[in-house]
Amino acid sequence: METKPLGGKQIEVDEDGFIQDPGAWDEAVAKDLAVTEGVNDMSENHWKVVNYLRNYYLEFQMAPMIRKLCKETGFKLKEIYDMFPSGPAKGACKVAGLPKPTGCV
Amino acid sequence: MDLITVTRKPGGEFAIRVRGHEVICDVSAKEGGRDAGPTPVELLAGALGACVAVMSQRYCGTHGYKDGEVAVSLTVEMADNPKRVGGVVIDLEVPRDVPESRMEAIRRVADLCPVHATLRNPPRVDFDIVLSDN
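Numbering of residues starts from 1 in every chain and runs along the sequence as written. Labels follow written order: the first chain is A, the first ligand is 1, and so on. It should be noted that, the model being predicted, local features are given only for residues of pLDDT at least 70 and side-chain atom pairs only at 80 or more, the latter also being counted only at that level, while totals for whole chains, interfaces and linings use all residues. Side-chain metrics rest on all non-hydrogen atoms present in the structure, leaving aside hydrogens and water.

Asks: How should the overall build of chain B be read in this particular structure?
Replies: Strands are runs of DSSP state E lasting at least two residues, helices are runs of H or I lasting at least four, and both sets are numbered from the N terminus onward. Broken down by element type, chain B carries three helices and five strands. Seen in sequence order, chain B has helices and strands lined up from the N terminus as β-β-β-α-β-β-α-α. Throughout, radius of gyration means the C-alpha value; the globule benchmark is 2.2 Å times the number of residues raised to the power 0.38. For chain B, the C-alpha radius of gyration of 18 Å lies well beyond 14 Å, the compact-globule estimate for 134 residues. Judged by the C-alpha coordinates and their principal axes, chain B covers about 55 × 35 × 30 Å. Accessible area is worked out with a 1.4 Å probe on protein chains only. A residue is then buried under 20% of its type maximum, exposed over 50%, and partly exposed in between. Expressed as a percentage of its 134 residues, the buried residues of chain B come to 25%. Here the analysis covers contacts within chain B between residues at least 6 apart in sequence; of these, 34% occur between residues at least 24 apart. Taken as two groups, the 16 positive and 20 negative side-chain charges of chain B have centres that lie 3 Å from each other. Contacts between residues were defined by any pair of non-hydrogen atoms, one from each residue, lying within 4.5 Å. The charged-residue count follows a simple rule in which Lys and Arg add positive charge and Asp and Glu add negative charge, with His and chain termini not counted at all. Think of each charge as sitting on NZ of Lys, CZ of Arg, CG of Asp or CD of Glu.

Structural data, given as structure tokens:
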């Protein structure tokens, strides 16, 4: 498994760049992950999505369904994609430090 | 319905042809393609979105709702074992002058579009395997 410098630490990531240990995540790691997804400036709205995903994952050990993400954050699907061009699964979940989702977002 | 053909192009991508139209379909480099067009799953989702858009536009046009455009944004949630589309999330935008009282009617129209109806009632898929004559 490859390791990458993220947030000033060496962190293990899978072949798509998802961090393997959700416990290694912090805001500095998120900012560096965001850059890998083409998001150079994390706005308040980006953090709203990321924090929702992260809190949901910590509570349920899975990513939420996309419709739930939209409803709970108040963003339309298109707005999520505008913020995270690679989408809620490949983009937002990666920045939030979640494992690569399969069935949900 | 007219014959739809899917043939491989020199670059490795596939051309879907029907009635003189051509749509290119490919997969990512990671999956052995070169990303020359939407993937089959994206085309499936796009067909659903287009069908919802066409039917909704027809409804809005018939009822004179013209303050804005019908547009669809959608994405798919993949599922495993077997790998497939597990869910589709659709945002349907309608003209601003559509009253709240008509939203349910538009939802019904979108629900009844032929592609959505097909996904709700999976068709029989009957195929045969034959040797190439090319």
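Still more ground to cover, so stick around.
Asks: What's the story with the pairing of strand 5 (residues 84-93) of chain B in this structure? I'm lost.
Replies: Looking along a regular strand, one sees the side chains alternate between the two faces of the sheet. All names here are of chain B. When DSSP finds at least two bridges between two strands, those strands are taken to pair. The pairing of strand 4 (residues 71-79) with strand 5 spans nine bridges and is classified as antiparallel. Residue pairing across strands places L74 opposite I90, the latter belonging to strand 5. In textbook terms, the turn of a hairpin is the stretch between consecutive antiparallel strands, and for strand 4 and strand 5 this stretch comprises four residues, one of which, N81, has a positive phi near 55°.

Asks: Whenever I open this one, the packing of helix 1 (residues 40-62) of chain B against helix 2 (residues 103-111) of chain B confuses me. Can you help?
Replies: Geometry of a packed helix pair, given as the angle between the helix axes and the separation of the axes. Residue and element names in this part refer to chain B. Fitted lines through C-alpha atoms give the axes, limited to the stretch in contact for helices. The angle between two N-to-C directions lies from 0 to 180 degrees. The interhelical angle for the contact between helix 1 and helix 2, taken along N-to-C directions, is 140°, at an axis separation of 8 Å. When the interaxial angle is binned, helix 1 and helix 2 end up oblique. For the pair helix 1 and helix 2, the crossing hand works out as right-handed. Counted together, V52, M55, S56, Y59 and C60 of helix 1 and A105, I106, V109 and A110 of helix 2 form the full contact between these two elements. Ten residues, namely Ala, Val, Leu, Ile, Met, Phe, Trp, Tyr, Cys and Pro, are considered nonpolar, four, namely Asp, Glu, Lys and Arg, are considered charged, and the remaining ones, Gly among them, are considered polar. Of the residues in the contact of helix 1 with helix 2, the class split is eight nonpolar, one polar and no charged. Angular relationships are summarised with four words: roughly parallel below 35 degrees, roughly antiparallel beyond 145, roughly perpendicular across 65 to 115, and oblique for the angles in between. When the near helix sits turned anticlockwise from the far one by under a right angle, the crossing is termed left-handed; a clockwise turn instead gives a right-handed crossing.

Asks: Explain the pattern of salt bridges to me, please; I cannot follow it from the model alone.
Replies: A carboxyl oxygen of Asp or Glu within 4 Å of a side-chain nitrogen of Lys or Arg is what we treat as a salt bridge. Considering all chains together, one arrives at 13 salt bridges over all chains under this definition. Residue K100(A) is joined to E15(A) by a salt bridge in which the shortest nitrogen-to-oxygen separation is 3.3 Å. In this pair, K100(A) sits in the segment after helix 5 (87-95) while E15(A) sits in the loop between strand 2 (9-13) and helix 1 (27-36), placing the two residues 85 residues apart along the sequence. A relative accessible area of 35% places K100(A) in the partly exposed class. Taken together, the shared-partner salt bridges in this structure form one network comprising D14(A), E15(A), D16(A), K100(A) and K30(B).

Asks: Quick question: what am I supposed to make of the confidence of the model for chain B here?
Replies: The predicted structure's coordinates, where accompanied by low pLDDT, should not be read in detail. Residues and elements named next belong to chain B. Scored from 0 to 100, pLDDT records how confident the predictor is in each individual residue. Mean pLDDT for chain B: 94, with 100% of residues reaching 70 or above. Per-element confidence in chain B ranges from a low mean pLDDT of 93 for strand 4 to a high of 98 for strand 2 (residues 14-18). Across the predicted assembly, pTM comes out at 0.84 and ipTM at 0.73.

Asks: What should I look at first to understand helix 5 of chain A in this one?
Replies: Given 3.6 residues per turn, any residue in an α-helix points the same way as the ones three and four places further on. Residue and element names in this part refer to chain A. Across the nine residues that make up helix 5, a large majority, eight, are buried. Of all the residues in helix 5, the buried ones are G87, P88, A89, G91, A92, C93, K94 and V95. Buried residues along helix 5 sit in contact with helix 1, helix 2 (44-60), helix 3 (66-73) and helix 4 (77-83).

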